[in-house]
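Here are the chains, one letter per residue:
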Amino acid sequence: AQSVTQLGSHVSVSEGALVLLRCNYSSSVPPYLFWYVQYPNQGLQLLLKYTSAATLVKGINGFEAEFKKSETSFHLTKPSAHMSDAAEYFCAVSDLYNQGEKLIFGQGTELSVKP
Amino acid sequence: SQTIHQWPATLVQPVGSPLSLECTVEGTSNPNLYWYRQAAGRGLQLLFYSVGIGQISSEVPQNLSASRPQDRQFILSSKKLLLSDSGFYLCAWTGGYYGYTFGSGTRLTVV
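What you are looking at is a predicted structure, and each value in this text was computed from that prediction instead of being measured.

Visitor: Go over the sheet that holds strand β7 (residues 64-68) of chain A, please, and point to the residues and values.
Guide: Backbone hydrogen bonds hold the strands of a sheet together, and the pairing may be parallel or antiparallel. Residue and element names in this part refer to chain A. On the basis of which strands lie adjacent, the open sheet formed by five strands has the order β1-β3-β8-β7-β6 and antiparallel pairing. Of all the strands in the sheet, the pair left with one neighbour each is β1 (3-7) and β6 (56-58). For this sheet, the mean angle separating the axes of adjacent strands, direction not counted, is 20 degrees. Note: β1 against strand β3 (residues 19-26), five bridges, orientation antiparallel. Pairing of L7 across the sheet is with R22, part of β3.

Visitor: An account of the state of the cysteines is requested, with residue identities and associated values reported.
Guide: All names here are of chain A. Under the counting rule described, the total for this entry stands at two disulfides over all chains. Disulfide pairing places C23 opposite C91 at an S-S distance of 2.0 Å. Looking down the S-S bond of the C23 and C91 bridge, the torsion is -65 degrees, so its handedness is left-handed. Separated by 68 residues along the polypeptide, C23 in strand β3 and C91 in strand β9 (residues 87-97) bring together distant segments of the chain. A single burial state applies to C23 and to C91, both of which are buried.

Visitor: Explain the environment of A:T77 to me, and be specific about the residues and the numbers.
Guide: Residues and elements named next belong to chain A. Within the element layout of this structure, T77 appears in strand β8 (residues 73-78). Judged by relative accessible area, T77 falls into the partly exposed class, the value being 22%. Residues in contact with T77, not counting those within four places in the same chain, are V19, L20, G62, F63 and E64.

Cut-offs used in this document
- Residues numbered from 1 in each chain as written.
- Chains lettered and ligands numbered in written order.
- Predicted model: local features only at pLDDT ≥ 70, side-chain atom pairs only at ≥ 80, totals over all residues.
- Heavy atoms only, no water.
- Pairing = 2+ DSSP bridges.
- Helix = DSSP H or I, 4+ residues; strand = E, 2+ residues; numbered from the N terminus.
- Axes fitted to C-alpha atoms, helices over the stretch in contact; angles between N-to-C directions.
- Disulfide = S-S within 2.5 Å.
- Buried < 20%, exposed > 50% of the residue type's maximum accessible area, 1.4 Å probe, protein only.
- Contact = heavy atoms within 4.5 Å.

Structure representation (structure tokens):
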């Protein structure tokens, strides 16, 4: 069964610093992988997705993630953190069935950005 | 364009009372629909999904049920709420593969 593990439930960075949020997956088949962001009391918004095309995926708000099969990782990065990036981030893997997909989510990483 | 609506945004209910949360999708047909729950400080747990009218799959045995009376309507219900049902409930849809679109969520507090 597919699963994801997000390393670190809380990450704190200074404004302008590199953001690195870690995600490792477990999948018996080539995975589809996603990163979502959630602001307080809101739904989840798709940041980016990997669907077996380019291994470096660029998303919204300056975020990107690199699929590394050898490491079973899909870490999320952003070169320079902004205060508005403070939110909770979820990594997810797709568990396909014949009529669609179920997304299996990690436990989430809360990102804090210090001025 | 496709939109997803979820209501109410917040709800406070006493233990033992019934529950009905509604989710509707516009601008698409035959979507796959999902209910997730997010407990405080925890990730998202898939509760139910549906690939068509009247077709409901349950992921976790619990005090809740789901129904899909119309193509673009998905309802989450309970006959008697428990304290443990408190959480943030999210509806989502997909037209096939490659990720979901989420509603804005319902914050349920059972007191």
